[in-house]
Amino acid sequence: MAPVTPRGPLALFQTESLIDEEDRAIRDTVRRFVEDKIRPEIADWYESGSIPASELALELGALGVLGMHLEGYGCAGTSATAYGLACLELEAGDSGLRSLVSVQGSLAMFAIWQHGSEEQKQEWLPRMAAGEAIGCFGLTEADFGSNPAGMRTRARSDGGDWVLNGTKMWITNGSVADLAVVWAQTDQGIRGFVVPTNTPGFSAPEIKKKMSLRASVTSELVLDNVRLPASAVLPGAAGLSGPLSCLNEARYGIVFGALGAARDCLETAIAYAQEREIFDKPLAAYQATQLKLADMTLELGKGMLLALHLGRLKDAGQLEPTQVSLGKLNNVREAIAIARECRTILGAAGITLEYPLMRHANNLESVLTYEGTSEVHQMVIGQSLTGLSAFR
Ligand SMILES: Cc1cc2nc3c(=O)[nH]c(=O)nc-3n(C[C@H](O)[C@H](O)[C@H](O)COP(=O)(O)OP(=O)(O)OC[C@H]3O[C@@H](n4cnc5c(N)ncnc54)[C@H](O)[C@@H]3O)c2cc1C
């Protein structure tokens with residue numbers, strides 16, 4: 001048989017032909033940024049469990065990815081597909097980097113952009129788009145993760161002000177944030193508040209000893225009689241639909257993002273298998289290896305087709321939350337399976353930070369859990385299929 005020129009896993013699917021020129025150009029710019037600025041540093045950041053968050057935010061702002069799919073207020077106003085592709089490239093670097101961008105753009109900025117007053121938008125969005133102000137999004141509490149409706153954080157109105165008390169848990173960017181979007185119970189149901197983190201009574205101790213998302217800041221938020229003016233409430237959000245609308249935006253980015261981690265693992269494993277000689281021939285030349293590579297390529301390609309389809313639906317304003325659940329469930333589940341399988345191809349070398357496999361696999365444990373666990377998305381889909389809720 002004539003020799004075949006090897007092709008990358010996504011090239012086999014010709015997914016490039018489904019992406020327009022402008023979106024490709026944005027994607028390529030983000031890819032270069034990740035190659036130049038992130039890849040040389042990420043293993044050290046991961047090992048030390050610390051990132052230069054403020055510098056990174058400024059660089060990401062200059063790159064134009066913070067709130068990139070939002071219109072106005074200094075945001076780039078790109079297509080949703082371009083935003084997804086940017087998430088993919090960022091997560092090919094590290095899920096922690098994509099998390100920083102997702103929380104800033106899809107959670108904190110989107111909450112203000114969608115539900116905020118004109119004054120809140122003017123005050124925060126341009127600085128957040130530039131990376132001069134970092135935001136976090138406080139919904140989860142220690143006892144209320146999958147069921148945020150039960151939250152105990154409370155905001156009471158007091159002589160025209162709001163006074164917030166409670167504790168949030170597992171909050172990305174918390175300790176480095178300039179503002180926190182905090183969700184709390186009020187007499188009018190759940191409301192959102194824009195909390196400058198220098199307000200007296202607010203603190204955000206960092207959570208340490210993580211084995212996943214080590215190149216990302218994760219924190220507790222403590223609100224001890226935090227007094228805010230009446231203007232701090234997000235006027236457009238009443239009830240749980242407010243935070244859920246933001247989560248839906250961030251989950252959409254994960255549909256693409258997880259594929260970036262998977263692609264990076266698969267490309268690494270293919271390159272390694274071609275170099276590594278075992279029993280006198282390259283590991284890539286064994287059927288056992290090729291079966292693994294073929295199966296993983298199928299899942300990566302199918303995930304990409306799904307992501308691009310959902311991107312088109314979002315750009316057409318037709319994407320439903322249940323469809324985002326389909327994408328998040330499938331693509332994160334397959335990405336983590338790919339990361340683990342690729343690790344086997346590298347043998348012992350796969351457990352080190354010399355290669356990205358174990359780092360991606362460990363990161364994807366968090367991605368599987370946040371923004372709705374896999375089980376939560378299965379139940380969302382199950383409810384849509386049967387009309388019956390299995391949540392309680
Ligand atoms: C690194 C990291 C960063 C995060 N960043 C943020 C952030 O920025 N902001 C924020 O607000 N939150 C954040 N989170 C929190 C995240 O959203 C929650 O961890 C997630 O919602 C799950 O909640 P939990 O951990 O309390 O798990 P639980 O809700 O206790 O779930 C435990 C298990 O029970 C299952 N389960 C839950 N309900 C049901 C049911 N009805 N039936 C059957 N099984 C069920 C779950 O699927 C899971 O397997 C972050 C988490 C991590 C790990």
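Conventions used here
- Counting restarts for each chain, with residues numbered from 1 along the sequence as it is written.
- Given that this is a predicted model, residues contribute local features only at a pLDDT of at least 70 and side-chain atom pairs are listed and counted only at 80 or more, while totals for whole chains, interfaces and linings are drawn from all residues.
- Just so you know, side-chain values use all the structure's heavy atoms and leave hydrogens and water out.
- For the purposes of this entry, the term helix denotes a DSSP run of H or I that reaches at least four residues, the term strand denotes a run of E that reaches at least two, and both are numbered from the N terminus.
- Throughout, the radius of gyration refers to the C-alpha atoms, and the reference size of a globule is 2.2 Å times the residue count to the power 0.38.
- Whether a residue is buried, partly exposed or exposed follows from its accessible area with a 1.4 Å probe, protein chains only, as a fraction of its type maximum: under 20%, in between, or over 50%, in that order.
- In what follows, residue pairs with any heavy atoms lying within 4.5 Å of each other are defined as contacts.
- All accessibility values rest on the Shrake-Rupley procedure with a 1.4 Å probe; residue burial counts only the protein chains present in the view.
- We treat Lys and Arg as the positive residues and Asp and Glu as the negative residues; His and chain ends play no part in the count.
- By convention, the point assigned to a charge is CZ for Arg, NZ for Lys, CD for Glu and CG for Asp.
- To define a nonpolar core, start from buried Ala, Val, Leu, Ile, Met, Phe, Trp, Tyr and Cys residues and group those joined through side-chain atoms within 4.5 Å.
- Helix axes are fitted only over the stretch in contact, all axes being lines through C-alpha atoms; the angle between N-to-C directions runs from 0 to 180 degrees.
- Roughly parallel means an angle under 35 degrees; roughly antiparallel, over 145; roughly perpendicular, 65 to 115; everything else is oblique.
- Helix crossings are classified by the rotation of the near helix relative to the far one: an anticlockwise turn of less than a right angle makes the crossing left-handed, while a clockwise turn makes it right-handed.
- Definition of nearness: a residue and a molecule or strand are near each other if at least one heavy atom of the residue lies within 4 Å of the molecule or strand.
- Here a polar contact means two N or O atoms within 3.5 Å. Within protein one must be a hydrogen donor candidate and the other an acceptor candidate, and residues neighboring in sequence count only if both atoms are side-chain atoms.
- A helix is expected to span 1.5 Å for every residue after the first.
- Each direction from the helix axis to a C-beta atom contributes to the arc, which is the arc of those directions.

### Here's the deal with the overall build of the chain
Stage number 1. Scanning the chain from terminus to terminus reveals 11 helices and nine strands.
Stage number 2. Scaling as 2.2 N^0.38, a compact globule of 392 residues should have a C-alpha radius of gyration of about 21 Å, and the chain matches this with 21 Å.
Stage number 3. Along the first, second and third principal axes, the C-alpha atoms of the chain reach 80 × 45 × 40 Å.
Stage number 4. Residue burial in the chain is summarised as follows: out of 392 residues, 52% are buried.
Stage number 5. Long-range contacts, defined as pairs at least 24 residues apart, comprise 76% of the intrachain contacts of the chain with a sequence gap of at least 6.
Stage number 6. When the accessible area of the chain is evaluated, it comes to approximately 17000 Å², of which 52% is carbon and sulfur surface.
Stage number 7. The distance from the centre of the 34 positive side-chain charges to the centre of the 46 negative ones in the chain is 5 Å.

### Notes on the nonpolar core
Stage number 1. Membership of the largest hydrophobic core comes to 97 residues, with the highest contact counts inside it found for Leu60, Ile112, Phe137 and Trp183.
Stage number 2. Looking at this core, the element that brings in the most residues is helix H7 (residues 241-275), giving 16 residues.
Stage number 3. Apart from the residues within four sequence positions on either side, Leu60 is in contact with Phe33, Val65, Leu66, Leu90, Leu97, Leu100 and Val101.
Stage number 4. One finds Cys136, Ala155, Leu164 and Val182 within the second-largest nonpolar core, a separate group that totals 19 residues.

### Describing the packing of helix H1 (residues 21-38) against helix H4 (residues 80-93)
Stage number 1. Close contact between H1 and H4 brings their axes to 9 Å; oriented N to C, the two are set at 20 degrees. Between H1 and H4, the interaxial angle falls into the category roughly parallel. With respect to the hand of their crossing, H1 and H4 are arranged in right-handed fashion. Residue-level inspection shows Asp23, Ile26, Arg27, Val30, Arg31, Val34 and Ile38 of H1 in contact with H4, the latter providing Thr81, Ala82, Leu85, Ala86, Glu89, Leu90 and Gly93.

### Some thoughts on the site of the ligand
Stage number 1. Close to the ligand lie 17 residues; Thr140, Ser146, Trp170, Thr373 and Glu375 are nearest.
Stage number 2. Between the ligand and Leu139 there is a distance of 3.0 Å, counted from an oxygen atom to a backbone nitrogen or oxygen.
Stage number 3. When the ligand is considered free in solution it has 980 Å² of accessible area, and contact with the protein chains removes 68% of it.
Stage number 4. Of all the elements in the fold, those that place two or more residues in the shell around the ligand are strand S3 (161-172), helix H10 (357-369) and helix H11 (374-386).

### Regarding H1
Stage number 1. Spanning 18 residues, H1 covers 25 Å between terminal C-alpha atoms, matching the ideal 26 Å at 1.5 Å per step.
Stage number 2. Those residues of H1 lying buried are Asp23, Arg27, Val30, Phe33, Val34 and Ile38. With its buried residues spanning 120 degrees around the axis, H1 presents them on a single face. Exposed and oriented more than 90 degrees from the buried face of H1 are Glu21, Glu22 and Asp36.
Stage number 3. Looking at the buried residues of H1, the elements they touch are helix H2 (42-48), helix H3 (53-63), H4 and helix H5 (95-115).
Stage number 4. Measuring from the side-chain oxygen of the N-cap residue of H1 to the backbone nitrogen of Glu22 gives 3.2 Å; that N-cap residue is Asp20.

### Here's the deal with unusual backbone geometry
Most peptide bonds are trans, and most residues other than glycine sit at a negative phi.
Stage number 1. In this structure, Lys209 is a non-glycine residue whose phi angle is positive, near 60 degrees.
Stage number 2. Residue placement: Lys209 occurs in the loop between strand S6 (202-203) and strand S7 (218-228).
Stage number 3. Residue class for Lys209 comes out exposed when judged on its relative accessible area of 81%.
Stage number 4. One non-glycine residue, Asp280, lies in positive phi territory at about 70 degrees.
Stage number 5. Its place among the elements puts Asp280 in the loop between strand S8 (277-278) and strand S9 (281-282).
Stage number 6. Given a relative accessible area of 75%, Asp280 falls into the exposed group.

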